[in-house]
Amino acid sequence: MAELHNDAHGATVAERAEARWVWIVGAIIVFLTGMLVYMSLHWAAMPPTRMETIDPGTLHLSGEFVEANLGSAREADGSVTVRLLGSQYAFTPQCVLVPRDTPVQIRGTSSDVVHGFSISNTNVNVMLAPGYISNFRTRFEKTGEHVMPCHEFCGIGHAAMWAHVKVVEPAEFDLAIKNGRASCVQ
Ligand code: CUA
């Protein structure tokens, strides 16, 4: 009789423990689902952080993307900023010069439709949308040449739209700077 009582008691304890864990697991699932829904709505309701806009109609007249300002510039902190423009059907500059082993920030935009580019054998992969400035930070560890094709269909000349990236030693990069900007356009 006492044995039976103990068994019944043990079963109740086990049931209670099971019920408790059902609630704990349930609460974790509700929390994670809630977080997913909240983050999805939060991100869908706003543009990516620090999105910068620019008027594509006046790019060539004034501001950061006028022709004289395109190319690679050495910043006061030693890093390099590359400014480039995508247009049907070319990139400006056609040859981007960057120093090896240096933080590089790429800033680009489009003067017409959406373009994109990736730099071969690197992690660089950027979309260029008219009206927005795209930002990408990277570093090139080795000297050498890369190709930079447009990877977003932008019209009949899309397949012919590509540029070069040349990575050189920092000293060679500094020698190539003229009027504050460097490029490897011949
Ligand atoms: Cu530009 Cu495809």
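Here goes a summary of the coordinates provided.

A short note on the state of the cysteines
Following the criterion strictly, the structure yields one disulfide and no others. The disulfide partner of Cys95 is Cys184, and the gap between their sulfur atoms is 2.0 Å. Measuring the twist about the S-S bond at about -90 degrees, one finds the Cys95-Cys184 disulfide to be left-handed. On the criterion of sequence distance, the pair formed by Cys95 in strand S5 (residues 95-99) and Cys184 in the segment after helix H2 (170-175) is long-range, its members being 89 residues apart. Each member of the pair, Cys95 together with Cys184, is buried.

Things to note about unusual backbone geometry
Cis peptide bonds are those with omega within 30 degrees of zero, and the linkage from Gln88 to Tyr89 qualifies with 0 degrees. Backbone torsion omega between Thr92 and Pro93 reads 0 degrees, so that peptide bond is classified as cis. Structurally, Pro93 is set in the loop between strand S4 (90-92) and S5. Unlike most non-glycine residues, Asp101 shows phi in positive territory, near 55 degrees. Inspection of the secondary structure assignment puts Asp101 in the loop between S5 and strand S6 (103-110).

Details of empty space enclosed by the protein
Across all of its chains, the model carries one cavity of 30 Å³ or more by this definition. Of the voids in this model, the largest cavity is the one considered here, and its volume is about 40 Å³. By residue class, the composition of the lining of the largest cavity is ten nonpolar, no polar and no charged.

Details of the nonpolar core
Ranked by internal contacts, the top residues of the largest apolar core, which has 28 residues, are Ile106 and Phe117. Sorting the residues of this core by element identifies strand S3 (80-87), S5, S6, strand S8 (125-128) and strand S11 (162-168) as the ones contributing at least two each. Look past the residues within four positions of Phe117 in its chain and what remains in contact with it is Leu84, Phe91, Ile106, Val124, Asn125, Val126, Leu128, Met148, Pro149, Cys150 and His151. Core analysis: the second largest hydrophobic core is formed by five residues, Phe65, Leu70, Leu85 and Ile133 among them.

Cut-offs applied
Residues numbered from 1 in each chain as written. Predicted model: local features only at pLDDT ≥ 70, side-chain atom pairs only at ≥ 80, totals over all residues. Heavy atoms only, no water. Disulfide = S-S within 2.5 Å. Helix = DSSP H or I, 4+ residues; strand = E, 2+ residues; numbered from the N terminus. Buried < 20%, exposed > 50% of the residue type's maximum accessible area, 1.4 Å probe, protein only. 1 Å grid on protein atoms, 1.4 Å probe; cavity = no way out; pocket = protein on both sides within 12 Å on 5 of 7 lines; lining within 4 Å. Points joined across faces, edges and corners; volume = space filled by probe spheres on them. Nonpolar A, V, L, I, M, F, W, Y, C, P; charged D, E, K, R; others polar. Core = buried A, V, L, I, M, F, W, Y, C linked by side-chain atoms within 4.5 Å. Contact = heavy atoms within 4.5 Å.

Take it as geometry only, folks, not as evidence of what the structure does.
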